[in-house]
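Notes for the structure review
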Amino acid sequence: MLLSASAGALQVIVWDRDLQTKLGYGEVSASKLNLQLVTDYSGPVVVLFARDSTEKAAYSGLAPRYDGLLKNGVLNINVPDNTENVTLSKFLGSFKLNLSVQSAGQNVSLPGLKTAPEKDPKK
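As a starting point, this report considers the structure included with it. (Residues numbered from 1 in each chain as written. Predicted model: local features only at pLDDT ≥ 70, side-chain atom pairs only at ≥ 80, totals over all residues. Heavy atoms only, no water.)

1. A word on the pairing of strand β1 (residues 11–16)
With five of its six residues buried, β1 lies for the most part within the structure. Hairpin connection, β1 to strand β2 (residues 22–29): the antiparallel pair is bridged by five residues, and L19 has positive phi, about 55 degrees. Here β1 runs beside strand β4 (residues 43–50); their pairing, made up of six bridges, is antiparallel. When the sheet's bridge partners are listed, Q11 is paired in β4 with A50. (Buried < 20%, exposed > 50% of the residue type's maximum accessible area, 1.4 Å probe, protein only. Helix = DSSP H or I, 4+ residues; strand = E, 2+ residues; numbered from the N terminus. Pairing = 2+ DSSP bridges.)

In structure tokens:
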């Protein structure tokens with residue numbers, strides 16, 4: 001039963017605006033979003049939320065995609081019908097979720113995906 005609860009966890013992925021560079025990844029566990037985030041990036045981002053059908057009622061009103069801005073390690077979300085951007089922490093509060101951010105390296109890996117081998121600069 002515990003395995004099935006964690007397998008369907010709400011997930012978030014933060015990409016640069018062109019969806020070329022993964023800047024963050026996180027999952028919800030016990031009403032807390034644990035997010036690994038590249039903190040030295042500044043610029044526009046796309047925030048994607050993934051959830052399974054059992055969570056749609058739990059996070060009613062949560063869109064699968066939001067535009068935002070990452071600057072100085074702070075992620076702001078453009079919320080429709082709101083004239084100002086809101087921090088991810090404040091945004092998640094409306095869904096009764098807390099945010100825990102951990103600094104990540106330059107690239108954030110997704111579970112189950114292999115990264116391309118680095119090219120040898122001598123070749």
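What follows picks up the thread again.
2. What about unusual backbone geometry?
We note that A30 has phi near 55 degrees; this positive angle belongs to a residue other than glycine. Structurally, the position occupied by A30 is in the loop between β2 and β3 (32–37). Accessibility expressed as a relative area gives 72% for A30, which makes it exposed. In this structure, K96 takes a positive phi of about 60 degrees despite not being glycine. Relative to the helices and strands, K96 resides in the loop between α2 (88–93) and β8 (98–103). Judged by relative accessible area, K96 falls into the exposed class, the value being 72%.

3. Details of the sheet that holds β3
If you walk across this open sheet you meet the eight strands as β7-β6-β5-β4-β1-β2-β3-β8, and the pairing is mixed. Whereas interior strands pair on both sides, the edge strands pair on one side only; in this sheet they are β7 (86–87) and β8. The sheet contact formed by strand β6 (residues 74–77) and β7 spans two bridges and is antiparallel. The residue bridging I77 from the neighbouring strand is V86, located in β7.

4. Focus: the pairing of β2
Within β2, six of the eight residues are buried, which leaves the element mostly enclosed by the surrounding structure. Bridge analysis of β1 against β2 gives five bridges, and the strand direction is antiparallel. Bridging across to β2, V14 finds its partner in G24. Examined bridge by bridge, β2 and β3 share six bridges and lie antiparallel to one another.

5. Some thoughts on the pattern of salt bridges
Taken as a whole and judged by the stated rule, the model has one salt bridge. D67 serves as the salt-bridge partner of R65, at 3.6 Å between the closest nitrogen and oxygen. We classify R65 as partly exposed; its relative accessible area is 45%. Here D67 falls in the partly exposed class, since its relative accessible area comes to 39%. (Salt bridge = Lys/Arg side-chain N within 4 Å of Asp/Glu carboxyl O.)

6. Brief notes about the nonpolar core
Membership of the largest hydrophobic core comes to 25 residues, with the highest contact counts inside it found for V47, F49, L62, L75, L88 and F91. The set of elements that each furnish at least two residues to this core consists of β1, β2, β3, β4, β5 (65–71), β6 and α2. Setting aside its immediate chain neighbours within four residues, V47 contacts V12, I13, V14, P64, R65, Y66, L75 and I77. (Core = buried A, V, L, I, M, F, W, Y, C linked by side-chain atoms within 4.5 Å. Contact = heavy atoms within 4.5 Å.)

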